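Now for the letters of each chain:
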Amino acid sequence: MFGAQQSKALELIYDTAVRPGGWRRALDQTTSIVGARGIALVIRGRNAGAPNLTMMSQVYLDFSRKPSGWYYGAFLARLQETDWDALRSFPVHKAIPDTDAGLSADELDVRADYRFLRKRTGVARRVGVRLNPDEVWFDAMSIGFDRSLNQAPSGLSEQIKPLLPHFSKAIEMGRMFTLLKARYRAALSALDHVQAGLVIALPGGAMIVENAEAQRIFDLSDGLVKGRDGYLSTQDADLTKRVRLAIEAAAGTADGMGNQHEALFAIPRPSGETPILLEVAPISDAGGELETGLRGALVTLIDPDRAPYLKLERFAALYNLTAAETDVCRWVAEGAGIPEIADRRGTSPTTTKNQIAAVLSKTGVHSRAELIRLVLRVLPPVA
């Protein structure tokens, strides 16, 4: 059974699947659990073009940013290749002391890379762990212990073993998302031409893709933001909770476990501008065009104050709107209120209100927010 520290480590480890920048925190948490000084994680692919990555805990990361770290990377890191190669012959998820890989402690301690790291980072003894049996990918970690220890702590295997399968799974998931984004870069780029904000969120609420308009809305920090944890937040805790529950429900529908087709929210803005419209709908890739098993929610963000100029002739013809109703509809789509529309059209607020009511009746919606959403569905805002 996991304790509080292990549970926190699991949360951080799986968070890296969609946010690779979170590896430092995950490795720091694991370093603390096993009583180590630092951990380095290597992810390597034999396929052409596959990136070789090294993730590091804070001690190693700080070292890598110094001139001494640059020197190590350029001239001494290659000495570790024999250590990584030796790990390939050991079972997956087994902690292997560095002295079991072919060299004695005395021989390792005089090796140039060991001497340099011991002096610059305080790391002496190391333990290696192979994380997968794959012939294409090689994932492994090196756990470094303080130079005051002659050997790794005796209870290390029991402390690290429960976490190792989760490291492997998180790396596998992260690889899936990385390859998915690379493979469909053109499709993701095309989303930037859509002038409505588009976000793909996982069942838990974490956002994995957002287009340029969504990023612009988040950057405004005007009622709706993307937190450092990758989740949507509003200034109202209750509203934030309802949005996240809607995403969870929509994702459940995509997975065949519910019937929520969509949810619509108006997000108030402290600036006083027209509220941002936020729509949540299920998204599923059951056909595997993107990735088999991908389930989540499509979050659409509409900033009425930035609505593009729309050619409403098709929309007007579809719903049999009069010329006056079409003009009113255009102003509504651009976020104008009743007084502004009346002023711009030279009519009374009562006339404008009645015309809006007529448009709502003909289009079968119940509010101006729903009307804007309907207009953008019929006339996709693509630049």
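Let us look at the structure shown here. The structure displayed is predicted, hence computed values, not measured ones.

### Some remarks on the overall build of the chain
Within the chain one finds 17 helices and 12 strands. Evaluated residue by residue, the chain yields a buried proportion of 44% over its 383 residues. As presented, the chain carries roughly 19,400 Å² of accessible surface, and 53% of it is formed by carbon and sulfur atoms.

### A look at the pairing of strand 4 (residues 123-130)
The buried fraction of strand 4 is high, at 8 of 8 residues. Pairing analysis gives 2 bridges linking strand 3 (residues 96-97) to strand 4, with the strands arranged antiparallel. Looking across to strand 4, one finds that Pro97 is bridged to Val127. Bridge analysis of strand 4 against strand 5 (residues 137-146) gives 6 bridges, and the strand direction is antiparallel. Following the sheet pairing, Arg130 is matched in strand 5 by Ala140.

### Concerning the pairing of strand 6 (residues 197-201)
In terms of burial, strand 6 is a largely internal element, 5 of the 5 residues being buried. With burial as the criterion, each face of strand 6 is covered, one bearing Gly197, Val199 and Ala201 and the other bearing Leu198 and Ile200. By the bridge criterion, 5 bridges tie strand 6 to strand 12 (residues 295-302) in an arrangement that is antiparallel. Within the sheet, the bridge partner assigned to Val199 lies in strand 12 and is Val299. Sheet topology places strand 6 next to strand 7 (residues 207-210); 3 bridges connect them, and they run antiparallel. Of the residues in strand 7, the one forming a bridge with Ile200 is Val209. Linking two consecutive strands that pair antiparallel, namely strand 6 and strand 7, is a turn of 5 residues; a positive phi of about 110 degrees is found at Gly205 within it.

### A short note on the packing of helix 14 (residues 323-333) against helix 17 (residues 368-378)
Two elements in contact, helix 14 and helix 17, have axes separated by 9 Å at closest approach and are oriented at 95 degrees. As the angle between them shows, helix 14 and helix 17 are arranged roughly perpendicular. Counted together, Cys329, Val332 and Ala333 of helix 14 and Arg368, Leu371, Ile372 and Val375 of helix 17 form the full contact between these two elements. Considering only residue class, the contact of helix 14 with helix 17 consists of 6 nonpolar, no polar and 1 charged.

### A word on the packing of helix 16 (residues 349-363) against helix 17
The N-to-C vectors of helix 16 and helix 17 enclose an angle of 55 degrees; their axes lie 11 Å apart at closest approach. Classified by the angle their axes make, helix 16 and helix 17 are oblique. Both helix 16 and helix 17 take part in a crossing whose hand is left-handed. The segment helix 16 lies against helix 17, with Ile356, Val359, Leu360 and Thr363 engaging Arg368, Leu371 and Leu374. For the contact of helix 16 with helix 17, the per-class residue count stands at 5 nonpolar, 1 polar and 1 charged.

### Side note on the sheet that holds strand 3
Within a sheet, neighbouring strands are paired by backbone hydrogen bonds and run either parallel or antiparallel to one another. Reading across from one edge, 2-1-5-4-3 is the order of the 5 strands in this open sheet, with antiparallel pairing throughout. Of all the strands in the sheet, just strand 2 (53-56) and strand 3 have a single pairing partner and so form its edges.

### Side note on the environment of Ile33
As for its position among the elements, Ile33 is in helix 2 (residues 23-34). Ile33 sits in the buried class, given a relative accessible area of 9%. A sequence separation of 126 residues divides Ile33 from Gln159, and the C-alpha atoms of the two residues are 7.2 Å apart.

### Let's talk about the packing of aromatic side chains
Summed over the entire model, instances satisfying the criterion amount to 8 aromatic pairs. Relative to Tyr319, the ring of Phe315 has its centre 4.9 Å away and its plane inclined at 50 degrees; by these criteria the two rings are tilted. Separated by 4 residues within a single helix, Phe315 and Tyr319 lie in helix 13 (residues 313-319), roughly one turn from each other. A connected cluster of aromatic rings, assembled from ring pairs, spans Phe63, Tyr71, Tyr72, Phe75 and Phe116. The side chain of Arg88 reaches across the aromatic face of Phe138, ending 4.1 Å from its centre. Over the ring of Trp137 we find Arg175; its NZ or CZ atom is 4.1 Å from the centre of that ring.

### A word on the pattern of salt bridges
With the rule as written, the count across this model stands at 21 salt bridges. Residues Arg44 and Glu81 are paired through a salt bridge, measuring 2.9 Å at the closest nitrogen-oxygen approach. Within this pair, whereas Arg44 is found in strand 1 (residues 38-45), its partner Glu81 is found in helix 5 (residues 81-87), the two being separated by 37 residues in sequence. For Glu81, a relative accessible area of 29% gives the class partly exposed.

### Thoughts on the side chain of Ser168
Along the polypeptide, Ser168 turns up in helix 9 (residues 164-183). For Ser168, a relative accessible area of 14% translates into the label buried. Every residue in contact with Ser168, bar those within four places of it in the chain, is listed here: His93 and Leu131.

How each quantity is defined
- Residues numbered from 1 in each chain as written.
- Predicted model: local features only at pLDDT ≥ 70, side-chain atom pairs only at ≥ 80, totals over all residues.
- Heavy atoms only, no water.
- Helix = DSSP H or I, 4+ residues; strand = E, 2+ residues; numbered from the N terminus.
- Buried < 20%, exposed > 50% of the residue type's maximum accessible area, 1.4 Å probe, protein only.
- Areas by Shrake-Rupley, 256 points an atom, 1.4 Å probe, with all protein chains shown as cover.
- Pairing = 2+ DSSP bridges.
- Axes fitted to C-alpha atoms, helices over the stretch in contact; angles between N-to-C directions.
- Parallel < 35°, antiparallel > 145°, perpendicular 65-115°, else oblique.
- Contact = heavy atoms within 4.5 Å.
- Nonpolar A, V, L, I, M, F, W, Y, C, P; charged D, E, K, R; others polar.
- Left-handed = near helix turned anticlockwise from the far one by under 90°.
- Phe/Tyr/Trp six-rings, centres within 6.5 Å; stacked < 30°, edge-to-face > 60°.
- Lys NZ or Arg CZ within 6 Å of the ring centre and 35° of its normal.
- Salt bridge = Lys/Arg side-chain N within 4 Å of Asp/Glu carboxyl O.

Read these as spatial facts, not as claims about activity.
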